[in-house]
Amino acid sequence: NTESNSSRGALIVLEGLDRCGKTSQSGRLYKYLDEQGHSVESWRFPDRNTGVGQMISSYLANKSQLDDHAIHLLFSANRWEKRSLMEEKLKSGTTLIVDRYSYSGVAFSSAKGLDIGWCKAPEIGLLAPDLVVYLDISPEKAAERGGYGDERYEQLEFQKKVAGSYLALRDSSWKVIDATLSIEDIEKKLREVVLDCMMTCHKGKALSHLWP
Ligand code: FDM
């Protein structure tokens, strides 16, 4: 039975403020790993393709209004609805590169003033990432990059609060990469920490659950 003998994939999460470069870095990382012959998939949250995801998308586009608690729970539900597939993929040896996860959930909602413990509660039992990479940029620098879109949270004042929330969530297991380095330097650093993590998972590190 190849499945029980094969080692599992790694759950890699990229976090950071809007415009930090997460999305392009996860794309480059995906391409690299894929070309190296690894079994890898690129995921993102919110996953706007599900029914819940469409409600989230409409909220972010300011096309619908929702209570802060209600939207928080929808973001969480959007992760729960992908949980079993996520576990299946990891166990069958596929590495997942995930653009935003529970940390975005807690950082963005607590930036609105919701209690952090309340924000963390619905995430309990989701799969814990094997690696969280934080692409670090100040809100001011991110804003200078321009191209904040028209979505709900893409404003400097709010991003400053989100940065503060992320800081409160960070722990020593996170790998922080300076997001103001060149694209190539970031890519190189990212590859190093990711390959290292994949090796640890390959050697048999067990999957765990939030919050560790
Ligand atoms: N966001 C994202 C949240 O507020 N909670 C969450 O749980 C997640 C995953 O949604 F402003 C916010 C972060 C961002 C917005 O994300 C949409 P993308 O990465 O721009 O699609």
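Residues numbered from 1 in each chain as written. Predicted model: local features only at pLDDT ≥ 70, side-chain atom pairs only at ≥ 80, totals over all residues. Heavy atoms only, no water.

(A) Main features of the side chain of Ser26. Note that Ser26 resides in helix 2 (residues 22-35). Ser26 has contacts with Leu14, Ile97 and Asp99, leaving out every residue within four places of it along the chain. (Helix = DSSP H or I, 4+ residues; strand = E, 2+ residues; numbered from the N terminus. Contact = heavy atoms within 4.5 Å.)

(B) Seen up close, the site of the ligand. Inspection of the region around the ligand gives 13 residues, with Arg44, Arg48, Arg79, Arg100 and Gly105 positioned closest. Side-chain polar atom of Arg100 to an oxygen atom of the ligand: 2.8 Å apart, as the coordinates give it. Between the ligand and Gly105, the relevant distance is 3.3 Å, taken from an oxygen atom to a main-chain nitrogen or oxygen of the residue. Bound to the protein, the ligand loses 93% of the 480 Å² it would expose on its own. A majority-of-atoms criterion places the ligand in the largest pocket. Of all the secondary structure elements, the ones that give two or more residues to the shell around the ligand are helix 4 (68-91) and helix 5 (102-111). By residue number, the principal contributor to the shell around the ligand is helix 5, which donates three residues. Considered class by class, the residues forming the shell around the ligand number six nonpolar, two polar and five charged. (Near = heavy atom within 4 Å. Polar contact = N/O pair within 3.5 Å; in protein donor to acceptor, adjacent residues only side chain to side chain. Areas by Shrake-Rupley, 256 points an atom, 1.4 Å probe, with all protein chains shown as cover. 1 Å grid on protein atoms, 1.4 Å probe; cavity = no way out; pocket = protein on both sides within 12 Å on 5 of 7 lines; lining within 4 Å. Sits in = over half its atoms within 2 Å of the grid points. Nonpolar A, V, L, I, M, F, W, Y, C, P; charged D, E, K, R; others polar.)

(C) Highlighting the packing of helix 5 against helix 8 (residues 156-169). Between helix 5 and helix 8, the shortest axis-to-axis distance is 8 Å and the interhelical angle comes to 125°. Between helix 5 and helix 8, the angle is such that the two are oblique. Here the hand of the crossing between helix 5 and helix 8 comes out right-handed. Between helix 5 and helix 8, the contacting residues are Tyr103, Ser104, Val106, Ala107, Phe108, Ser110 and Ala111 on the first element and Phe158, Gln159, Lys161, Val162, Ser165, Tyr166 and Leu169 on the second. (Axes fitted to C-alpha atoms, helices over the stretch in contact; angles between N-to-C directions. Parallel < 35°, antiparallel > 145°, perpendicular 65-115°, else oblique. Left-handed = near helix turned anticlockwise from the far one by under 90°.)

(D) Highlighting the nonpolar core. The biggest cluster of nonpolar side chains holds 61 residues, and the ones touching the most others in it are Met86, Val98, Tyr101, Tyr103, Tyr166 and Val194. Top element by residues in this core is helix 9 (residues 183-202). It accounts for seven residues. In contact with Tyr166, other than residues within four places in its own chain, are Glu15, Gly16, Leu17, Arg100, Tyr103, Ser104, Ala107, Phe108, Tyr134 and Trp174. (Core = buried A, V, L, I, M, F, W, Y, C linked by side-chain atoms within 4.5 Å. Buried < 20%, exposed > 50% of the residue type's maximum accessible area, 1.4 Å probe, protein only.)

(E) Main features of the UniProt feature "domain: Thymidylate kinase-like" (unreviewed entry) in the protein. As recorded in UniProt, the feature "domain: Thymidylate kinase-like" (unreviewed entry) lies at residues 14-189. Across residues 14-189, helical content stands at 51% and strand content at 13%; the span's end C-alpha atoms are separated by 13 Å. (UniProt positions renumbered as here; feature names shortened; annotations may be inferred.)

(F) View of the sheet that holds strand 4 (residues 131-136). Pairing is parallel in the open sheet, where five strands are placed in the order 2-3-1-4-5. Edge positions in the sheet fall to strand 2 (40-44) and strand 5 (175-178), since each of these pairs with one other strand and no more. Taken pair by pair, the neighbouring strands of this sheet meet at an average axis angle of 20°, ignoring direction. Here strand 1 (residues 11-16) runs beside strand 4; their pairing, made up of five bridges, is parallel. Across the sheet, Gly16 pairs through a bridge with Leu135, a residue of strand 4. Those strands touched by helix 2 are strand 1, strand 2, strand 3 (95-99) and strand 4, and its axis lies near 165° from that of strand 3. (Pairing = 2+ DSSP bridges.)

(G) Representation of helix 4. With 24 residues, helix 4 extends 35 Å from end C-alpha to end C-alpha; this agrees with the ideal 34 Å at 1.5 Å per step. Its axis deflected by about 45° at Arg83, helix 4 carries its strongest bend there. The complete set of buried residues in helix 4 reads Ile71, His72, Leu74, Phe75, Ser76, Asn78, Arg79, Lys82, Arg83, Met86 and Leu90. Of the surrounding elements, those touching the buried residues of helix 4 are strand 1, strand 2, helix 3 (51-60), strand 3, helix 5 and helix 6 (116-120). Where helix 4 begins, the side chain of Asp67 points an oxygen toward the backbone nitrogen of His69, at a separation of 2.8 Å. Among the residues trailing helix 4, Gly93 stands out with phi positive, at a value near 100°. (Expected span 1.5 Å × (residues − 1). Bend = angle between axes of the 7 residues up to and from the residue.)

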